[in-house]
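Each chain, letter by letter, is given below.
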Amino acid sequence: MAGTEEDQKFCLQEVLDTFKLCLSENKEVYLEHYVAGWRGLVKFLNSLGSVFGFISKDAVNKIHILVTLLNGENGSQYATVQSMVKYELENDLVDLTKRGSHPESGCRTLLRLHRALRWLELFLERLRTSSEDGKTSVMCSEAYNESLSQFHPWVVRKAAGMAFCMLPGRPAFFEVMNVGPTEQVVAKLGEALPLISEVYQITEELYTQQNLMNLP
Ligand SMILES: CCCCCCCCCCCCC/C=C/[C@@H](O)[C@H](COP(=O)(O)O)NC(=O)CCCCCCCCCCCCCCC
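Residues numbered from 1 in each chain as written. Predicted model: local features only at pLDDT ≥ 70, side-chain atom pairs only at ≥ 80, totals over all residues. Heavy atoms only, no water.

A. Looking closely at the overall build of the protein. Tallying secondary structure elements over the protein gives nine helices and zero strands in all. Written out in order from the N terminus, the α and β elements of the protein read α-α-α-α-α-α-α-α-α. In terms of C-alpha radius of gyration, the protein reaches 17 Å, essentially the compact-globule figure of 17 Å for 216 residues. Relative to its full complement of 216 residues, the protein shows a buried share of 46%. Of the contacts made within the protein by residues no fewer than 6 positions apart, 69% connect residues no fewer than 24 positions apart. Looking at the protein as shown, the accessible area adds up to about 11,400 Å², and 53% of this sits on carbon and sulfur atoms. Separation between the mean location of the 21 positive side-chain charges and that of the 27 negative ones in the protein comes to 6 Å. (Helix = DSSP H or I, 4+ residues; strand = E, 2+ residues; numbered from the N terminus. Rg over C-alpha atoms; globule rule 2.2 N^0.38 Å. Buried < 20%, exposed > 50% of the residue type's maximum accessible area, 1.4 Å probe, protein only. Contact = heavy atoms within 4.5 Å. Areas by Shrake-Rupley, 256 points an atom, 1.4 Å probe, with all protein chains shown as cover. Lys, Arg positive; Asp, Glu negative; His and termini not counted. Charge placed at Lys NZ, Arg CZ, Asp CG, Glu CD.)

Listed below in structure tokens is the structure:
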């Protein structure tokens with residue numbers, strides 16, 4: 001029997017572990033572990049209830065696109081985010097200005113998750129430093145408004161805002177994470193954040209350098 005407690009516990013640790021595994025010695029980002037990190041986050045999101053379904057569905061869809069590329073015949077080119085960018089650009093596999101023959105390139109798909117990673121970083125930092133009675137819905141929407149929302153049309157922003165209101169309070173949220181008492185959750189978040197932040201920064205620099213920040 002699969003105990004839900006165990007699954008969730010495994011989840012948060014898994015997310016931490018995968019983000020640890022993400023960076024190679026020379027600071028390249030392994031796509032396989034990046035995607036695994038998102039898988040873990042989606043599992044967590046699903047455990048919060050079906051109102052978040054439209055969000056996890058989009059994330060799952062993007063994860064699936066990347067996994068398909070990773071497992072495809074040119075999969076070895078997708079080992080790291082750096083090699084993916086190089087390969088797709090050199091082979092004209094990216095729609096650069098408007099959507100055309102490559103609407104689901106690895107580069108544009110990863111960019112969507114990358115933008116969401118910034119939201120995650122801001123949200124988790126708020127969670128980590130907030131007080132016992134801090135409202136997760138407020139932390140979540142503040143983080144969202146500072147990051148991801150600028151890339152979303154009004155209707156998505158509206159739906160996201162409504163979903164945020166359904167988030168459990170901080171104590172319940174921490175309980176769902178199942179890493180023990182509050183101090184331990186806070187410590188785990190403190191461990192995870194620098195990793196997430198580094199992965200974000202490295203990707204951000206690469207995308208900026210290559211002028212990929214506005215892929216359609
Ligand atoms: C815990 C609360 C979770 C709130 C999640 C906050 C993010 C809100 C995102 C709303 C996205 C709505 C769905 C639609 C998105 C797309 O339009 C849009 C653009 O894609 P397109 O160019 O292909 O059309 N997609 C995106 O921006 C990518 C969104 C990916 C969101 C992944 C969110 C996973 C959240 C994981 C939560 C984990 C909680 C952490 C606790 C340890």
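That covers the picture; the talk isn't over yet.
B. Spatial organisation of the pattern of salt bridges. A full pass over the atoms with the stated rule returns 11 salt bridges. Notably, a salt bridge pairs K27 with E198, separated by 2.8 Å at the nearest N-O pair. Taken together, the residues K27 in the loop between α1 (4-21) and α2 (31-46) and E198 in helix α9 (residues 182-209) connect sequence positions 171 residues apart. The class of K27 is partly exposed, set by a relative accessible area of 42%. (Salt bridge = Lys/Arg side-chain N within 4 Å of Asp/Glu carboxyl O.)

C. Structural context of the packing of α2 against helix α3 (residues 53-71). Where α2 meets α3, the axes come as close as 10 Å, and the angle between the chain directions of the two elements is 155°. By the angle between their axes, α2 is roughly antiparallel relative to α3. Between α2 and α3 lies a crossing of left-handed hand. Counting all contacts with α2, which are made through L31, E32, V35, W38, R39, V42, L45 and N46, the residues of α3 involved are I55, S56, A59, V60, I63, L66, V67 and L70. Partitioning the contact of α2 with α3 into residue classes produces 12 nonpolar, two polar and two charged. (Axes fitted to C-alpha atoms, helices over the stretch in contact; angles between N-to-C directions. Parallel < 35°, antiparallel > 145°, perpendicular 65-115°, else oblique. Left-handed = near helix turned anticlockwise from the far one by under 90°. Nonpolar A, V, L, I, M, F, W, Y, C, P; charged D, E, K, R; others polar.)

D. The arrangement of the UniProt feature "domain: Glycolipid transfer protein" (unreviewed entry) in the protein in detail. The sites that carry the UniProt feature "domain: Glycolipid transfer protein" (unreviewed entry) are, in the present numbering, residues 30-178. This span, residues 30-178, is 66% helix and 0% strand, and a straight line between its end C-alpha atoms measures 27 Å. (UniProt positions renumbered as here; feature names shortened; annotations may be inferred.)

E. Representation of the packing of helix α5 (residues 106-129) against helix α6 (residues 136-146) within the structure. Taken N-terminus to C-terminus, the directions of α5 and α6 make an angle of 145°; their axes are 8 Å apart at the nearest point. You can see that α5 and α6 cross each other, and the crossing is right-handed. Contacts between α5 and α6 pair W119, L122, F123, R126 and L127 from the former with T136, M139, C140, E142, A143, Y144 and E146 from the latter. Its residues assigned to classes, the contact of α5 with α6 shows eight nonpolar, one polar and three charged.

F. Summary view of α3. The end-to-end C-alpha distance of α3, which contains 19 residues, comes to 26 Å, matching closely the 27 Å that a straight helix rising 1.5 Å per residue would cover. Looking at α3, one finds that the buried residues are S56, A59, K62, I63, I65, L66 and V67. Turning to α3, the residues buried within the fold contact α2 and α5. (Expected span 1.5 Å × (residues − 1).)

G. Inspection of unusual backbone geometry at higher detail. One non-glycine residue, K27, lies in positive phi territory at about 65°. If you check the backbone angles, D92 has positive phi at about 50° while not being a glycine. If you trace the backbone, D92 turns up in the loop between α4 (81-90) and α5. The class for D92 is exposed, based on a relative accessible area of 60%.

H. Broad picture of the nonpolar core. Residues M177 and Y207 are the most contacted members of the largest nonpolar core, which totals 66 residues. Here this core takes 12 residues from α5, the largest share from any one element. (Core = buried A, V, L, I, M, F, W, Y, C linked by side-chain atoms within 4.5 Å.)

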